[in-house]
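Structural description and commentary
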Amino acid sequence: MIAAQAKLVYHLNKYYNEKCQARKAAIAKTIREVCKVVSDVLKEVEVQEPRFISSLNEMDNRYEGLEVISPTEFEVVLYLNQMGVFNFVDDGSLPGCAVLKLSDGRKSSMSLWVEFITASGYLSARKIRSRFQTLVAQAVDKCSYRDVVKMVADTSEVKLRIRDRYVVQITPAFKCTGIWPRSAAHWPLPHIPWPGPNRVAEVKAEGFNLLSKECHSLAGKQSSAESDAWVLQFAEAENRLQMGGCRKKCLSILKTLRDRHLELPGQPLNNYHMKTLVSYECEKHPRESDWDESCLGDRLNGILLQLISCLQCRRCPHYFLPNLDLFQGKPHSALENAAKQTWRLAREILTNPKSLEKL
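Residues numbered from 1 in each chain as written. Predicted model: local features only at pLDDT ≥ 70, side-chain atom pairs only at ≥ 80, totals over all residues. Heavy atoms only, no water.

Moving on: the overall build of the protein. If you tally the helices and strands in the protein, you get 9 helices and 11 strands. Computed over its C-alpha atoms, the radius of gyration of the protein comes to 21 Å, within 12% of the 21 Å expected for a compact globule of 359 residues. When its C-alpha atoms are laid out on the principal axes, the protein stretches across 70 × 50 × 40 Å. Carbon and sulfur atoms provide 51% of the accessible area of the protein, an area that totals close to 16,900 Å². (Helix = DSSP H or I, 4+ residues; strand = E, 2+ residues; numbered from the N terminus. Rg over C-alpha atoms; globule rule 2.2 N^0.38 Å. Areas by Shrake-Rupley, 256 points an atom, 1.4 Å probe, with all protein chains shown as cover.)

On to the nonpolar core, then. With 102 residues, the main nonpolar core has V38, L123 and F320 as its most contacted residues. If you tally residues by element for this core, the top one is helix 1 (residues 2–48), at 15 residues. Here F320 is in contact with W180, S183, A184, H186, W187, V203, F234, A237, E238 and L241, once residues within four sequence places are set aside. Formed by 10 residues, the second largest nonpolar core is a distinct cluster that contains C97, V99, C215 and A229. (Core = buried A, V, L, I, M, F, W, Y, C linked by side-chain atoms within 4.5 Å. Buried < 20%, exposed > 50% of the residue type's maximum accessible area, 1.4 Å probe, protein only. Contact = heavy atoms within 4.5 Å.)

Another point: the packing of aromatic side chains. Scanning the entire structure with this criterion turns up 14 aromatic pairs. Ring geometry for W113 against F116: centres 6.2 Å apart, planes inclined by 45°, an arrangement best described as tilted. For the pair W113 and F116, one class covers both residues: buried. Aromatic pair F208 and F234: ring centres 5.9 Å apart, planes at 40°, arrangement tilted. With F208 in strand 10 (residues 208–211) and F234 in the loop between strand 11 (230–233) and helix 5 (235–241), this residue pair connects regions lying 26 residues apart in the sequence. The same class applies to F208 as to F234, namely buried. Through pairs of rings, three or more aromatic residues link up here, namely F88, W180, W187, F208, F234, Y280, Y319 and F320. A cation over a ring is seen here: K101 above Y122, with NZ or CZ 5.0 Å from the ring centre. Over the face of the ring belonging to W291 we find R299, whose NZ or CZ atom lies 6.0 Å from the ring centre. (Phe/Tyr/Trp six-rings, centres within 6.5 Å; stacked < 30°, edge-to-face > 60°. Lys NZ or Arg CZ within 6 Å of the ring centre and 35° of its normal.)

Attention shifts here to the side chain of T118. Mapped onto the elements of the fold, T118 is located in the loop between strand 6 (97–102) and helix 2 (125–142). Excluding residues within four positions of it along the chain, T118 makes contact with S124, K127 and D228.

Mapped onto the fold, S333 is located in helix 9 (residues 332–351). Sequence spacing of S333 and E157 is 176 residues, and the spatial spacing of their C-alpha atoms is 26 Å.

We now examine unusual backbone geometry. Across the junction of W187 and P188, the peptide omega takes the value 0°, indicating a cis bond. Tracing the backbone shows P188 in the loop between strand 9 (166–176) and helix 3 (197–206). Going from W194 to P195, the amide bond is cis rather than trans, its omega being 5°. Here P195 is to be found in the loop between strand 9 and helix 3. Within the chain, D154 stands out as a residue other than glycine whose phi angle is a positive 60°. Following the sequence through the fold, D154 ends up in the loop between strand 7 (149–151) and strand 8 (159–162). Judged by its relative accessible area of 83%, D154 falls in the exposed class. In this model, R314 sits at a positive phi of 60°, which is unusual for a non-glycine residue.

Written out as C-alpha coordinates, the structure reads:
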(Lines give C-alpha, C1' and ligand atoms only; values in the text may rest on other atoms or scores of the structure.)
Protein backbone atom coordinates (compact mmCIF):
# COMPACT_ATOMS: atom_id res chain seq x y z
CA MET A 1 0.00 0.00 0.00
CA ILE A 2 2.76 2.41 1.03
CA ALA A 3 4.73 1.54 -2.10
CA ALA A 4 1.67 2.28 -4.27
CA GLN A 5 1.18 5.62 -2.46
CA ALA A 6 4.83 6.55 -2.94
CA LYS A 7 4.60 5.66 -6.64
CA LEU A 8 1.56 7.91 -7.09
CA VAL A 9 3.27 10.80 -5.25
CA TYR A 10 6.38 10.33 -7.42
CA HIS A 11 4.33 10.58 -10.64
CA LEU A 12 2.27 13.52 -9.32
CA ASN A 13 5.47 15.42 -8.48
CA LYS A 14 6.82 14.66 -11.93
CA TYR A 15 3.53 15.92 -13.42
CA TYR A 16 3.76 19.05 -11.28
CA ASN A 17 7.38 19.78 -12.26
CA GLU A 18 6.74 19.24 -15.97
CA LYS A 19 3.11 20.01 -16.89
CA CYS A 20 2.01 22.36 -14.06
CA GLN A 21 5.15 24.49 -14.17
CA ALA A 22 4.86 24.76 -17.97
CA ARG A 23 1.22 25.85 -17.56
CA LYS A 24 2.22 28.44 -14.93
CA ALA A 25 4.97 29.85 -17.13
CA ALA A 26 2.67 30.08 -20.17
CA ILE A 27 -0.06 31.80 -18.12
CA ALA A 28 2.46 34.23 -16.56
CA LYS A 29 3.57 35.21 -20.07
CA THR A 30 -0.07 35.70 -21.17
CA ILE A 31 -0.81 37.77 -18.05
CA ARG A 32 2.07 40.14 -18.79
CA GLU A 33 0.82 40.57 -22.37
CA VAL A 34 -2.82 41.04 -21.31
CA CYS A 35 -2.01 43.43 -18.45
CA LYS A 36 -0.08 45.75 -20.77
CA VAL A 37 -3.24 46.19 -22.84
CA VAL A 38 -5.59 46.45 -19.85
CA SER A 39 -3.32 49.01 -18.12
CA ASP A 40 -3.31 51.11 -21.26
CA VAL A 41 -7.11 51.03 -21.51
CA LEU A 42 -7.48 51.88 -17.80
CA LYS A 43 -5.06 54.81 -18.15
CA GLU A 44 -7.37 56.25 -20.83
CA VAL A 45 -10.39 55.66 -18.56
CA GLU A 46 -8.67 57.51 -15.71
CA VAL A 47 -8.01 60.53 -17.96
CA GLN A 48 -11.74 60.75 -18.74
CA GLU A 49 -12.99 59.93 -15.25
CA PRO A 50 -10.52 60.23 -12.33
CA ARG A 51 -12.85 58.33 -9.97
CA PHE A 52 -11.92 55.10 -11.78
CA ILE A 53 -8.24 54.84 -10.81
CA SER A 54 -6.37 51.78 -12.09
CA SER A 55 -5.37 49.48 -9.22
CA LEU A 56 -3.68 46.94 -11.50
CA ASN A 57 -0.20 46.92 -9.96
CA GLU A 58 2.48 44.26 -10.16
CA MET A 59 3.84 43.09 -6.81
CA ASP A 60 6.26 40.17 -6.32
CA ASN A 61 5.61 38.92 -9.85
CA ARG A 62 1.84 38.92 -9.43
CA TYR A 63 -0.82 41.47 -10.25
CA GLU A 64 -3.09 42.50 -7.40
CA GLY A 65 -6.74 41.90 -8.21
CA LEU A 66 -6.11 39.58 -11.17
CA GLU A 67 -7.76 36.15 -11.17
CA VAL A 68 -7.05 33.42 -13.71
CA ILE A 69 -10.33 31.81 -14.74
CA SER A 70 -8.71 29.65 -17.44
CA PRO A 71 -5.52 30.00 -19.54
CA THR A 72 -7.42 32.31 -21.93
CA GLU A 73 -9.84 33.98 -19.52
CA PHE A 74 -9.02 36.46 -16.78
CA GLU A 75 -10.75 38.83 -14.42
CA VAL A 76 -9.23 42.11 -13.25
CA VAL A 77 -10.78 43.68 -10.16
CA LEU A 78 -10.65 47.47 -10.23
CA TYR A 79 -10.74 48.79 -6.66
CA LEU A 80 -12.80 51.94 -6.18
CA ASN A 81 -12.25 54.53 -3.44
CA GLN A 82 -14.46 55.99 -0.76
CA MET A 83 -16.98 53.44 0.36
CA GLY A 84 -17.07 55.27 3.72
CA VAL A 85 -20.53 56.88 3.67
CA PHE A 86 -22.26 53.53 3.03
CA ASN A 87 -23.31 50.72 5.32
CA PHE A 88 -22.75 47.15 4.19
CA VAL A 89 -26.02 45.17 4.40
CA ASP A 90 -26.27 41.42 3.80
CA ASP A 91 -29.46 40.02 5.24
CA GLY A 92 -29.28 36.75 3.30
CA SER A 93 -32.17 37.66 0.99
CA LEU A 94 -29.82 37.67 -2.04
CA PRO A 95 -27.52 34.61 -1.85
CA GLY A 96 -23.94 35.64 -2.59
CA CYS A 97 -24.84 39.34 -2.75
CA ALA A 98 -25.07 42.39 -0.52
CA VAL A 99 -26.15 46.02 -0.83
CA LEU A 100 -24.47 49.30 0.08
CA LYS A 101 -26.89 51.71 1.76
CA LEU A 102 -26.25 55.35 2.54
CA SER A 103 -25.57 55.64 6.29
CA ASP A 104 -28.27 57.36 8.38
CA GLY A 105 -27.79 61.10 8.49
CA ARG A 106 -25.47 61.11 5.48
CA LYS A 107 -26.50 63.01 2.38
CA SER A 108 -25.85 61.47 -1.00
CA SER A 109 -24.01 64.67 -1.94
CA MET A 110 -21.32 63.64 0.57
CA SER A 111 -20.44 60.68 -1.59
CA LEU A 112 -17.92 60.58 -4.39
CA TRP A 113 -20.45 58.38 -6.25
CA VAL A 114 -23.44 60.69 -5.83
CA GLU A 115 -25.11 60.10 -9.23
CA PHE A 116 -25.10 56.30 -8.77
CA ILE A 117 -27.17 56.39 -5.58
CA THR A 118 -30.80 55.30 -6.03
CA ALA A 119 -33.80 57.17 -4.63
CA SER A 120 -33.94 54.70 -1.73
CA GLY A 121 -30.30 55.39 -0.84
CA TYR A 122 -28.53 52.35 -2.33
CA LEU A 123 -25.28 52.61 -4.25
CA SER A 124 -26.17 50.84 -7.50
CA ALA A 125 -23.62 48.29 -8.73
CA ARG A 126 -25.39 48.23 -12.10
CA LYS A 127 -25.28 52.02 -12.60
CA ILE A 128 -21.58 52.19 -11.77
CA ARG A 129 -20.85 49.30 -14.15
CA SER A 130 -22.91 50.89 -16.92
CA ARG A 131 -20.95 54.15 -16.62
CA PHE A 132 -17.67 52.24 -16.49
CA GLN A 133 -18.62 50.22 -19.58
CA THR A 134 -19.20 53.43 -21.56
CA LEU A 135 -15.82 54.80 -20.46
CA VAL A 136 -14.00 51.57 -21.34
CA ALA A 137 -15.64 51.47 -24.80
CA GLN A 138 -14.35 55.00 -25.47
CA ALA A 139 -10.90 54.17 -24.06
CA VAL A 140 -10.62 51.08 -26.30
CA ASP A 141 -11.03 53.31 -29.37
CA LYS A 142 -8.36 55.73 -28.16
CA CYS A 143 -5.71 53.50 -26.58
CA SER A 144 -2.47 52.55 -28.31
CA TYR A 145 -3.54 48.88 -28.55
CA ARG A 146 -6.82 49.67 -30.36
CA ASP A 147 -5.89 47.32 -33.24
CA VAL A 148 -5.75 44.25 -30.98
CA VAL A 149 -8.49 44.91 -28.42
CA LYS A 150 -12.28 45.15 -28.70
CA MET A 151 -15.26 45.13 -26.35
CA VAL A 152 -17.30 41.95 -26.05
CA ALA A 153 -20.88 42.86 -27.05
CA ASP A 154 -24.24 41.65 -25.68
CA THR A 155 -23.32 41.67 -21.99
CA SER A 156 -23.68 44.15 -19.15
CA GLU A 157 -20.23 43.05 -17.97
CA VAL A 158 -17.13 44.94 -19.06
CA LYS A 159 -15.23 42.39 -21.13
CA LEU A 160 -12.34 42.89 -23.54
CA ARG A 161 -11.28 40.46 -26.25
CA ILE A 162 -7.54 40.76 -26.83
CA ARG A 163 -5.81 39.50 -30.00
CA ASP A 164 -8.92 37.34 -30.61
CA ARG A 165 -7.41 34.88 -28.15
CA TYR A 166 -7.99 36.16 -24.63
CA VAL A 167 -11.00 37.53 -22.75
CA VAL A 168 -10.51 39.83 -19.77
CA GLN A 169 -13.40 40.95 -17.60
CA ILE A 170 -12.77 44.21 -15.72
CA THR A 171 -14.92 44.43 -12.61
CA PRO A 172 -15.36 47.57 -10.48
CA ALA A 173 -15.22 46.66 -6.78
CA PHE A 174 -14.88 47.86 -3.21
CA LYS A 175 -12.41 46.21 -0.83
CA CYS A 176 -13.98 45.55 2.58
CA THR A 177 -11.51 45.04 5.40
CA GLY A 178 -12.15 44.89 9.11
CA ILE A 179 -15.71 43.55 8.67
CA TRP A 180 -16.97 40.06 7.97
CA PRO A 181 -20.28 39.30 6.20
CA ARG A 182 -23.19 38.02 8.24
CA SER A 183 -23.89 35.42 5.54
CA ALA A 184 -20.45 33.87 6.32
CA ALA A 185 -20.84 34.18 10.13
CA HIS A 186 -21.05 30.37 10.57
CA TRP A 187 -17.36 30.12 9.55
CA PRO A 188 -15.21 28.61 10.93
CA LEU A 189 -17.28 25.58 11.95
CA PRO A 190 -16.99 25.22 15.74
CA HIS A 191 -16.18 21.48 15.85
CA ILE A 192 -13.34 21.56 13.29
CA PRO A 193 -9.78 22.37 14.47
CA TRP A 194 -8.75 23.82 11.09
CA PRO A 195 -7.64 26.53 10.32
CA GLY A 196 -6.92 27.51 13.96
CA PRO A 197 -7.61 30.87 15.68
CA ASN A 198 -4.57 32.75 14.33
CA ARG A 199 -5.27 31.91 10.70
CA VAL A 200 -9.00 32.66 11.19
CA ALA A 201 -8.10 36.12 12.53
CA GLU A 202 -5.80 36.70 9.52
CA VAL A 203 -8.46 35.59 7.04
CA LYS A 204 -11.17 37.76 8.61
CA ALA A 205 -8.82 40.76 8.70
CA GLU A 206 -8.10 40.18 4.99
CA GLY A 207 -11.83 40.70 4.44
CA PHE A 208 -13.59 40.36 1.10
CA ASN A 209 -14.48 42.26 -2.06
CA LEU A 210 -17.82 43.56 -3.31
CA LEU A 211 -17.93 43.20 -7.09
CA SER A 212 -20.17 44.92 -9.61
CA LYS A 213 -21.11 41.99 -11.85
CA GLU A 214 -24.09 39.90 -12.88
CA CYS A 215 -25.09 37.65 -10.00
CA HIS A 216 -25.94 34.16 -11.26
CA SER A 217 -28.08 33.34 -8.23
CA LEU A 218 -30.40 36.18 -9.26
CA ALA A 219 -30.73 35.22 -12.92
CA GLY A 220 -34.31 35.52 -14.07
CA LYS A 221 -35.56 37.52 -11.09
CA GLN A 222 -33.85 40.85 -11.55
CA SER A 223 -35.83 43.43 -9.61
CA SER A 224 -34.22 46.84 -9.33
CA ALA A 225 -32.93 46.19 -5.80
CA GLU A 226 -31.21 43.04 -7.00
CA SER A 227 -29.52 44.64 -9.97
CA ASP A 228 -28.23 47.30 -7.56
CA ALA A 229 -26.67 44.55 -5.41
CA TRP A 230 -22.95 43.73 -5.20
CA VAL A 231 -21.45 40.23 -5.44
CA LEU A 232 -19.34 38.95 -2.51
CA GLN A 233 -15.88 37.60 -3.37
CA PHE A 234 -13.26 36.13 -1.02
CA ALA A 235 -10.24 35.56 -3.29
CA GLU A 236 -7.56 36.84 -0.90
CA ALA A 237 -9.08 35.10 2.12
CA GLU A 238 -9.14 31.81 0.19
CA ASN A 239 -5.53 32.23 -0.92
CA ARG A 240 -4.49 32.78 2.68
CA LEU A 241 -6.37 29.67 3.82
CA GLN A 242 -4.61 27.47 1.29
CA MET A 243 -1.06 28.28 2.37
CA GLY A 244 1.21 25.57 3.77
CA GLY A 245 1.84 21.90 3.11
CA CYS A 246 1.02 20.56 -0.36
CA ARG A 247 -2.24 22.56 -0.68
CA LYS A 248 -1.03 24.91 -3.43
CA LYS A 249 0.65 22.07 -5.32
CA CYS A 250 -2.57 20.02 -5.12
CA LEU A 251 -4.59 22.95 -6.51
CA SER A 252 -2.07 23.50 -9.29
CA ILE A 253 -2.36 19.84 -10.38
CA LEU A 254 -6.18 20.05 -10.30
CA LYS A 255 -6.16 23.21 -12.45
CA THR A 256 -3.80 21.62 -14.96
CA LEU A 257 -5.95 18.47 -15.19
CA ARG A 258 -9.03 20.67 -15.64
CA ASP A 259 -7.43 22.74 -18.40
CA ARG A 260 -6.27 19.67 -20.28
CA HIS A 261 -9.22 17.29 -19.80
CA LEU A 262 -12.26 19.02 -18.31
CA GLU A 263 -12.69 22.04 -20.60
CA LEU A 264 -16.06 20.72 -21.76
CA PRO A 265 -19.15 21.91 -23.68
CA GLY A 266 -21.39 24.06 -21.47
CA GLN A 267 -18.31 24.96 -19.37
CA PRO A 268 -19.44 23.06 -16.27
CA LEU A 269 -16.09 23.37 -14.45
CA ASN A 270 -13.71 26.24 -13.84
CA ASN A 271 -10.66 26.77 -11.62
CA TYR A 272 -12.79 28.26 -8.86
CA HIS A 273 -14.62 24.96 -8.37
CA MET A 274 -11.21 23.31 -7.84
CA LYS A 275 -10.15 26.00 -5.35
CA THR A 276 -13.43 25.57 -3.44
CA LEU A 277 -12.99 21.79 -3.17
CA VAL A 278 -9.43 22.20 -1.83
CA SER A 279 -10.89 24.34 1.01
CA TYR A 280 -13.44 21.61 1.83
CA GLU A 281 -10.69 18.97 1.77
CA CYS A 282 -8.73 21.10 4.29
CA GLU A 283 -11.73 20.88 6.63
CA LYS A 284 -12.01 17.12 6.17
CA HIS A 285 -8.29 16.71 6.88
CA PRO A 286 -7.56 19.40 9.45
CA ARG A 287 -4.12 18.27 10.66
CA GLU A 288 -1.03 19.78 9.04
CA SER A 289 0.42 16.28 8.75
CA ASP A 290 -2.51 15.40 6.42
CA TRP A 291 -1.00 17.89 3.95
CA ASP A 292 2.52 16.54 4.05
CA GLU A 293 4.08 15.92 0.61
CA SER A 294 3.67 12.16 1.16
CA CYS A 295 -0.14 12.62 1.33
CA LEU A 296 -0.45 14.44 -2.01
CA GLY A 297 -1.95 11.38 -3.77
CA ASP A 298 -4.56 10.82 -1.06
CA ARG A 299 -5.62 14.47 -1.03
CA LEU A 300 -5.88 14.68 -4.82
CA ASN A 301 -7.87 11.45 -4.97
CA GLY A 302 -10.22 12.69 -2.21
CA ILE A 303 -10.89 15.94 -4.07
CA LEU A 304 -11.56 14.21 -7.42
CA LEU A 305 -14.07 11.86 -5.71
CA GLN A 306 -15.73 14.83 -3.99
CA LEU A 307 -15.92 16.61 -7.36
CA ILE A 308 -17.65 13.58 -8.93
CA SER A 309 -20.14 13.55 -6.03
CA CYS A 310 -20.87 17.29 -6.46
CA LEU A 311 -21.35 16.87 -10.21
CA GLN A 312 -23.70 13.92 -9.72
CA CYS A 313 -25.74 15.84 -7.10
CA ARG A 314 -25.56 18.94 -9.35
CA ARG A 315 -24.57 21.07 -6.38
CA CYS A 316 -21.29 22.66 -5.34
CA PRO A 317 -21.75 25.00 -2.35
CA HIS A 318 -19.53 28.10 -2.13
CA TYR A 319 -17.02 27.56 0.71
CA PHE A 320 -17.88 30.68 2.74
CA LEU A 321 -21.48 31.08 1.52
CA PRO A 322 -22.93 27.53 1.44
CA ASN A 323 -26.38 28.81 0.36
CA LEU A 324 -24.79 29.81 -2.93
CA ASP A 325 -24.54 26.95 -5.45
CA LEU A 326 -21.57 27.31 -7.81
CA PHE A 327 -23.26 24.99 -10.35
CA GLN A 328 -26.39 27.16 -10.57
CA GLY A 329 -27.39 27.74 -14.19
CA LYS A 330 -25.09 25.01 -15.58
CA PRO A 331 -26.83 22.60 -17.99
CA HIS A 332 -27.51 19.20 -16.36
CA SER A 333 -26.13 17.36 -19.36
CA ALA A 334 -22.84 19.29 -19.05
CA LEU A 335 -22.57 18.36 -15.34
CA GLU A 336 -23.29 14.69 -16.12
CA ASN A 337 -20.68 14.65 -18.86
CA ALA A 338 -18.15 16.29 -16.50
CA ALA A 339 -18.89 13.64 -13.83
CA LYS A 340 -18.14 10.85 -16.33
CA GLN A 341 -14.92 12.51 -17.53
CA THR A 342 -13.75 13.18 -13.96
CA TRP A 343 -14.45 9.57 -13.01
CA ARG A 344 -12.42 8.37 -16.00
CA LEU A 345 -9.56 10.65 -15.00
CA ALA A 346 -9.61 9.64 -11.31
CA ARG A 347 -9.70 5.94 -12.17
CA GLU A 348 -6.81 6.30 -14.61
CA ILE A 349 -4.63 8.17 -12.08
CA LEU A 350 -5.41 5.80 -9.24
CA THR A 351 -5.03 2.49 -11.08
CA ASN A 352 -2.10 3.54 -13.23
CA PRO A 353 -0.13 6.52 -11.88
CA LYS A 354 2.29 6.27 -14.81
CA SER A 355 -0.59 7.38 -17.07
CA LEU A 356 0.03 10.93 -15.72
CA GLU A 357 2.85 11.11 -18.25
CA LYS A 358 0.22 11.20 -20.99
CA LEU A 359 -2.47 13.21 -19.18
